[in-house]
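Given next are the chains, with one letter for each unit.
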Amino acid sequence: MTSLLPQGFQDLERFLPYWDVPSSQERIARRSTASWEANKEFYDAIVPRGEEAMAHLDQFELHDIPEDSARLLRLMLALTHVSMAVEFHGQVIAPNCPYPNDIRITEGASPFG
Amino acid sequence: MNVATPVTVAAGMMTGLMSTEPYTSPEYFQLERERIFRRCWLVLCRVEEIPSPRDFVLKDVEICHAQFVVARQKDGSIRAFHNVCAHRGNRVVLRRKGNAPAFVCNYHSWSYGIDGALRAATDRESFFDIDEKKCGLRNVATDVWNGFVFVNLEREPSVSLKEFLGAMGERMDGIYFPFASTPLVMEATLESNWKTVADAFSEGYHVTSIHPQTIGESVVSEGNRWSHPDAFRFEGPHHSFSLSGNLNYVPPPRTVEQMTTAHMKGGDTEGMLSTTGNVFAASDMDEINRFMDHPQVNPLKSPSYVNDLTMVFPNFHFDFSPGGFWTHQFWPISPTRTRWESRWYVPPARTLRERFQQEHYIARLAEIMLEDIGNTERVQLGMQSGALDGIRLQDNEAIIRHQLIQVDKWVQAASVAEALAE
């Protein structure tokens with residue numbers, strides 16, 4: 001069976017069903033609707049592998065990346081949003097801010113935005 | 001007061017309470033529609049949104065119940081017209097943007113050229129006395145300044161765009177706007193008056209309270225705890241200020257933040273990116289330098305430059321920072337409802353690592369916008385409560401006061417000339 005993530009990262013596959021989403025807007029929604037524990041679990045599992053993951057990804061071109069590595073990249077992109085909760089606020093949503101709210105990214109960065 | 005001559009006083013403004021009525025009153029909103037939005041030049045888009053001949057984009061001006069087709073002509077010029085069929089008023093163009101040789105109304109198939117002229121009315125011979133020349137999509141006065149496309153809803157604009165922009169337009173002319181083809185767009189419809197939303201982006205006083213983790217430490221410094229802006233300018237109905245930050249800022253030991261910002265070090269402008277820019281994940285320094293070279297970008301040449309804000313009256317902010325520019329626009333829908341649209345012009349990522357770094361910037365930006373925007377509905381409710389005799393604006397909120405004074409001046413003025421008079 002082919003693995004969903006590149007060699008050496010298969011232990012992170014358990015995070016794909018929830019955290020591998022195509023756009024920044026959806027990453028914000030995933031982080032904002034996950035519990036603090038789920039955010040923290042993801043953060044604690046990915047951060048120690050972050051440099052290793054980026055070193056792996058450095059070998060590919062932005063617009064020419066195999067799908068297993070693209071999944072790994074999307075986990076790293078999700079990590080940046082989760083880091084807002086873990087590193088900035090110490091809670092899921094910024095203090096005193098409404099969630100859900102109507103703010104939407106209607107045109108994102110390309111690709112994976 | 002701890003300064004010799006407050007900015008507010010130097011600009012000739014009174015210092016008392018400001019009424020909440022303009023933020024809440026339906027009658028006032030009607031006047032804003034007729035006297036401001038139907039008479040001022042309004043920004044609709046940038047020229048880069050429609051780069052090629054026959055490119056078009058739809059833009060809404062809800063307060064005037066209007067929707068415009070902005071279209072690049074075959075000769076490269078830009079025109080705008082009401083998206084209203086000359087037959088019975090149907091919306092002709094239904095796609096939000098695209099490239100089209102012609103527009104065909106879906107109701108009875110009347111067709112129009114990219115210049116808005118009627119090409120053909122179907123079943124022509126059954127009509128009475130139609131003059132095809134009068135059956136084009138109705139033109140709206142259009143002009144371009146610094147790459148921003150403006151329209152004016154007066155049939156015959158009382159003043160040219162150049163006159164309307166006045167001293168601000170001259171001072172800011174010729175700025176190079178980097179990465180203008182690649183905006184990141186954020187939008188929200190908010191239960192707030194349009195001025196309440198604009199106010200959220202019009203002072204630095206809130207930074208330490210509202211943005212403690214996201215940008216507070218990089219902007220707020222020992223010597224400027226409440227982020228007092230500098231270089232205030234009041235030019236006709238428009239205004240600007242500049243904000244400096246904390247030169248001694250060191251990013252805290254946050255793992256992901258450091259992974260995504262560690263590359264932002266180096267000389268001059270790049271040094272600013274690491275200290276106060278905060279946001280630039282992928283960049284092209286040639287583009288940035290071309291932009292920063294203009295004397296009105298960081299006009300004080302502050303070493304801890306954060307940003308310059310300019311309001312183009314009535315509802316458009318453009319902001320500069322060491323990493324480029326962004327815009328906010330505040331479109332009134334009702335006295336207590338506003339469409340906010342923000343465009344962040346970001347360099348396209350060139351590598352996967354830059355894309356990763358950029359996502360951290362986007363994530364932080366979304367946090368900052370939520371912190372700013374998340375407060376406006378509470379402020380609006382407070383102003384509607386009747387609890388206040390008026391709002392209390394301090395000296396560093398001078399541009400909020402200036403906006404309220406200018407809004408009222410336009411609302412009272414019988415003519416545009418009177419509204420623009422000294």
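Residues numbered from 1 in each chain as written. Chains lettered and ligands numbered in written order. Predicted model: local features only at pLDDT ≥ 70, side-chain atom pairs only at ≥ 80, totals over all residues. Heavy atoms only, no water.

## Topic: the pairing of strand β13 (residues 238-244) of chain B
All names here are of chain B. Rules: When a residue's accessible area, from a 1.4 Å probe over protein chains only, is under 20% of the maximum for its type it is buried; when over 50% it is exposed; and in between it is partly exposed. Helix and strand definitions here come from DSSP, where helices need a minimum of 4 consecutive H or I residues and strands a minimum of 2 consecutive E residues; each element is numbered from the N-terminal end. If DSSP finds at least two bridges between two strands, the strands pair.
Along β13, 6 of the 7 residues are buried, which leaves the element largely enclosed by surrounding structure. Of the strand pairs in this sheet, strand β12 (residues 230-235) and β13 are connected by 4 bridges, and their pairing is antiparallel. Note that in β13 the partner of Phe234 across the bridge is His239. In this antiparallel pair of consecutive strands, β12 and β13, the connection spans 2 residues, and Gly236 shows a positive phi of 60 degrees.

## A word on the side chain of A:Arg27
Rules: Contacts are assigned to residue pairs that have any heavy atoms within 4.5 Å of one another.
For A:Arg27, the location among the structural elements is in helix α2 (residues 24-33). Excluding anything up to four places from it in sequence, A:Arg27 contacts A:Val21, A:Pro22, A:Arg74, A:Leu77, A:Ala78, A:His81, A:Phe112, B:Arg355 and B:Glu359.

## With respect to the sheet that holds β12(B)
The cut-off we apply is this: Structural elements are reduced to axes, namely lines fitted to C-alpha atoms, with helices fitted over the stretch in contact, and the angle between N-to-C directions of any two is expressed from 0 to 180 degrees.
If you walk across this open sheet you meet the 8 strands as β1(A)-β11(B)-β17(B)-β16(B)-β15(B)-β14(B)-β13(B)-β12(B), and the pairing is antiparallel. Two strands bound the open sheet, and with one partner strand each, they are β1 (104-107) of chain A together with β12 of chain B. The mean inter-strand angle of the sheet, taken between neighbouring strand axes irrespective of direction, is 15 degrees. Direction of pairing for strand β16 (residues 324-334) of chain B relative to strand β17 (residues 337-345) of chain B: antiparallel, over a ladder of 8 bridges. Opposite B:Thr327, over in β17(B), you have B:Arg343 as the bridge partner. Along the sheet face, helix α4 (residues 161-172) of chain B touches β12, β13, β14 (305-312) and β15 (316-321) of chain B and points at about 35 degrees away from the line of β13(B).

## Quick notes on the layout of surface pockets
All names here are of chain B. Note the cut-off: Using only the protein atoms, space was sampled on a 1 Å grid; points where a 1.4 Å probe fits but cannot get out form cavities, open sets with protein on both sides within 12 Å along at least five of seven lines form pockets, and lining residues are those with an atom within 4 Å of a point. Grid points are joined across faces, edges and corners, and a volume is the space filled by probe spheres set on the points. Asp, Glu, Lys and Arg are counted as charged, while Ala, Val, Leu, Ile, Met, Phe, Trp, Tyr, Cys and Pro are counted as nonpolar; the rest, among them Gly, fall into the polar class.
Within this model, the largest pocket holds a volume of roughly 470 Å³. Looking at the largest pocket, it is lined by 21 residues, and the ones nearest its centre are Asp199, Glu203, Asn375, Val379 and Glu397. Listing elements by their share of the lining of the largest pocket, those giving two or more residues are α5 (194-199), α11 (352-373) and α12 (376-384). Looking at the lining of the largest pocket element by element, the count peaks at 4 residues for α12. Counted by class, the lining of the largest pocket contains 10 nonpolar, 5 polar and 6 charged residues.

## Here we look at unusual backbone geometry
With glycine set apart, most residues show a phi of negative sign, and most peptide bonds adopt trans. All names here are of chain A. Here Ser110 and Pro111 are connected by a cis peptide whose omega angle stands at -10 degrees. Among the secondary structure elements, Pro111 is positioned in the segment after β1. The backbone phi angle of Asn96 is positive, close to 65 degrees, even though this residue is not glycine. For Asn96, the position within the fold is in the loop between α5 (67-89) and β1. Look at Asn96 and you get exposed, because its relative accessible area is 63%.

## A closer look at the sheet that holds strand β10 (residues 148-152) of chain B
All names here are of chain B. Spatially, the 7 strands line up as an open sheet ordered β1-β10-β9-β4-β3-β2-β5, and their pairing is antiparallel. This sheet does not close on itself; its edge strands, each paired only once, are β1 (41-46) and β5 (97-99). Strand-to-strand twist in this sheet, taken as the mean axis angle between neighbours without regard to direction, amounts to 30 degrees. Sheet topology places strand β2 (residues 55-61) next to strand β3 (residues 66-72); 6 bridges connect them, and they run antiparallel. Across the sheet, Val57 pairs through a bridge with Val70, a residue of β3. Against the sheet, α4 makes contact with β1, β9 (139-145) and β10, and its axis sits at roughly 15 degrees relative to β9, the strand it touches most.

## Points about empty space enclosed by the protein
Left-over empty space is what a probe sized like a water molecule reveals as it rolls over the atoms. All names here are of chain B. Within the structure shown, the criterion is met by 8 cavities of 30 Å³ or more. The computed volume of the second largest cavity comes to approximately 100 Å³. In terms of lining residues, the second largest cavity is bounded by 13 residues, among which Cys45, Phe316, Thr327, Gln329 and Arg343 are the most central. Within the residue set of the lining of the second largest cavity, elements represented by two or more residues are β1, β16 and β17. In terms of residue count, the dominant contributor to the lining of the second largest cavity is β1 (4 residues).

## Describing the pattern of salt bridges
Rules: For salt bridges, the criterion is a side-chain nitrogen of Lys or Arg within 4 Å of an Asp or Glu carboxyl oxygen.
The final tally for this structure, using the stated rule, is 28 salt bridges over all chains. With a shortest N-O distance of 3.9 Å, A:Arg14 and A:Glu41 are connected by a salt bridge. Of the two residues, A:Arg14 is situated in the segment before α1 (16-19) and A:Glu41 in helix α3 (residues 36-46); the sequence distance between them amounts to 27 residues. Among the residues examined, A:Arg14 registers a relative accessible area of 51% and is labelled exposed. Residue classification places A:Glu41 among the partly exposed positions, given a relative accessible area of 44%. The salt bridge partner of B:Glu191 is B:Arg337, with a shortest N-O separation of 2.1 Å. Placement of B:Glu191 in the loop between β11 (183-190) and α5 and of B:Arg337 in strand β17 is noted, with a sequence separation of 146 residues between them. For B:Arg337, a relative accessible area of 33% puts it in the partly exposed group. Connected through salt bridges with shared partners, the residues B:Glu49, B:Lys59, B:Glu62, B:Arg339, B:Glu341 and B:Arg343 form a single ionic network.

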